[in-house]
Structures are given as structure tokens and as C-alpha cells.
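# Structural description and commentary
Letter by letter, the chains look like this.
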Amino acid sequence: MPKKMPFAIKETEHCSDCGAELVIRNGAHGPFYACSNYPSCCYVRPLKASSDGHIVKELKGQTCSKCGSTLVLRQGRYGMFIGCSNYPECDHTEIIDKPDDTSINCPQCKQGKLLQRKSRFGKTFHACNRYPECQFTLNNKPISGECEFCHYPLLIEKKTAQGIKLFCASKLCSKQQFIRTEK
């Protein structure tokens, strides 16, 4: 039983290489146009016209540091970002959410600082800024302090059913701390 496409094609398009009709194929990354003479002609084209991010809003009063054009807010494949309105000629981009610098020293390499990062799935984690030399990461918020039991130089903050608690960041210890913190 053939799969039904959720949209209809109004016009037939032709291959720019051999002139044959283009058909819609479905691949691992979604649908795309492909030449109907596939083994002899390997022409493919994305179904969407542009994948560089569409403009959401023009940021008046903010100019590009490279070319002086106006900056725009764009929606891209990995979320919102700020980019130059003169995009193909100027590739200046800025991130909207700058990572928080915790100014806590990395307990593994003792040279770097821990930074807040986001995974490709949008989950927040903390890692050493000397990556890839140091691959220290934490999934919870780091707190400067020393473990009462093993004297590890870093604590983490976890949300439990009883509220927010501090634990040792060492995977070998991981004991709850009984230090009272004021906020």
C-alpha cells in the first residue's frame, strides 16, 4: 500500500540537469525533490526553498559589527538567534541566551571555570570551559563549597520532595550535606 502524501503538488517541476519530471521522495531528514530518472540522473533539491532561518523581527537601532547593516531576529533550525540582515554576504551571528559564567573552578583540571551550556535537546548542564582538554560535566547546578565527608571541592544543588538540598558532586561520594545556606 503506497504512502499518502499530506500535501498536493499543483505544478510539475522538471530536472535542471536532464529535463525529466521531479518527484517527491521521503528520506531520513524529510521529504525532498528528486529526478524521476534516478539511477542515470542524481539530481536532488530540498523541498523547502530556504533553510537558513526566516526573519522574525528587524532589530531597529542595532547594527552589525562586521558590515554595519541592521541586525534581525531569525528562527533557525536550532532555535532563535540574531543575525545580519545582509546574510549571504555577511555571516555575522549572535546568540540570544549567553551562557552564565559560574566563576567556580573546575574540580577535575583545576584550571578552567564551569560554564552553563545547553545540550542539543535544550537541556541545561554545566561543563568546564577548557573542553575538549577537560571533559568534566554536571547535570545539576554547581555550588562552591566542600563536602563534609570526602572534602571534594564542589557541591551540587538538587531539587527533592523535601525541597532544595546540597549533595557532594563526586560520583564516588554523592552524600547529602547538612550545611545551612542562606539565600
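What you see is a predicted model; the values in this text were computed from it and never measured. (Residues numbered from 1 in each chain as written. Predicted model: local features only at pLDDT ≥ 70, side-chain atom pairs only at ≥ 80, totals over all residues. Heavy atoms only, no water.)

The next subject is the overall build of the chain. Secondary structure assignment for the chain yields zero helices and 14 strands. Listed N to C, the secondary structure of the chain is β-β-β-β-β-β-β-β-β-β-β-β-β-β in terms of helices and strands. Taken over 183 residues, the chain has a buried fraction of 27%. Sequence-distant contacts in the chain: of pairs separated by 6 or more residues, those separated by 24 or more amount to 16%. When the accessible area of the chain is evaluated, it comes to approximately 13,900 Å², of which 51% is carbon and sulfur surface. (Helix = DSSP H or I, 4+ residues; strand = E, 2+ residues; numbered from the N terminus. Buried < 20%, exposed > 50% of the residue type's maximum accessible area, 1.4 Å probe, protein only. Contact = heavy atoms within 4.5 Å. Areas by Shrake-Rupley, 256 points an atom, 1.4 Å probe, with all protein chains shown as cover.)

A few words now on the environment of Lys165. Within the secondary structure, Lys165 is located in strand S14 (residues 163-168). You can call Lys165 partly exposed: its relative accessible area is 25%. Along the primary structure Lys165 and Gln176 are separated by eleven residues, whereas in three dimensions their C-alpha atoms are 7.2 Å apart. Ignoring any residue separated from it by four or fewer positions in sequence, one finds Lys165 in contact with Ile156, Glu157, Lys158, Thr160 and Gln176.

Moving on, we come to a nonpolar patch on the surface. Judged by side-chain polarity, Val56, Met80 and Ile96 come together as a nonpolar surface patch covering roughly 240 Å² of accessible area. Mapped onto the secondary structure, Met80 falls in strand S6 (residues 79-84). Residue class for Met80 comes out partly exposed when judged on its relative accessible area of 39%. (Patch = residues over 30% accessible without salt bridge, like charges linked within 9 Å, V, L, I, M, F, W, Y side chains within 5 Å. Salt bridge = Lys/Arg side-chain N within 4 Å of Asp/Glu carboxyl O.)

What follows concerns the packing of aromatic side chains. Under the counting rule described, the total for this entry stands at zero aromatic pairs. Between Lys158 and the ring centre of Phe167, over which it is positioned, the NZ or CZ distance is 4.9 Å. Over the ring of Phe149 we find Lys175; its NZ or CZ atom is 5.0 Å from the centre of that ring. (Phe/Tyr/Trp six-rings, centres within 6.5 Å; stacked < 30°, edge-to-face > 60°. Lys NZ or Arg CZ within 6 Å of the ring centre and 35° of its normal.)

Further remarks concern unusual backbone geometry. Put simply, Tyr131 and Pro132 share a cis peptide bond, and its omega is 10°. One can find Pro132 in the loop between strand S10 (124-128) and strand S11 (137-138). The phi dihedral of His151 is positive, around 60°, even though this residue is not glycine. Tracing the backbone through its elements, the reader meets His151 in the loop between strand S12 (141-144) and strand S13 (154-160).

The subject of this paragraph is the nonpolar core. With twelve residues, the main nonpolar core is built from Ile104, Cys106, Cys109, Leu114, Cys128, Cys134, Phe136, Leu138, Leu154, Ile156, Phe167 and Ala169. Residues contacting Ile156, with those up to four places away along its chain left out, are Leu138, Asn140, Lys141, Lys165, Leu166, Phe167, Cys168 and Ala169. Ranked by size, the runner-up nonpolar core spans eight residues in total, among them Leu22, Ile24, Cys35 and Tyr43. (Core = buried A, V, L, I, M, F, W, Y, C linked by side-chain atoms within 4.5 Å.)

A regular strand carries its side chains on alternate faces of the sheet. Bridge analysis of strand S1 (residues 22-27) against strand S2 (residues 30-35) gives six bridges, and the strand direction is antiparallel. Note on S2: the bridge partner recorded for Val23 is Ala34. Counting the residues that bridge the hairpin from S1 to S2 gives two residues. In this sheet, strand S3 (residues 44-46) lies alongside S2 in antiparallel orientation, the contact comprising three bridges. Residue Phe32 lies in a different strand from S3, and its bridge partner there is Pro46. (Pairing = 2+ DSSP bridges.)

Let's shift gears to the sheet that holds strand S5 (residues 70-76). Strand order in the open sheet formed by four strands is S4-S5-S6-S7, with antiparallel pairing between adjacent strands. Edge strands, defined here as strands with exactly one partner in the open sheet, are strand S4 (54-63) and strand S7 (93-94).

Two side chains bearing opposite charge may form a pair once their charged atoms approach each other closely. Using the criterion set out here, one finds two salt bridges in the structure. Put simply, Lys60 and Glu58 hold a salt bridge, and the shortest N to O gap is 3.9 Å. You can call Lys60 exposed: its relative accessible area is 69%. One salt bridge connects Asp91 with Lys66, and the closest N-O pair in it is separated by 2.9 Å. With Asp91 in the loop between S6 and S7 and Lys66 in the loop between S4 and S5, this residue pair connects regions lying 25 residues apart in the sequence. Just as Asp91 is exposed, Lys66 falls in that class too.

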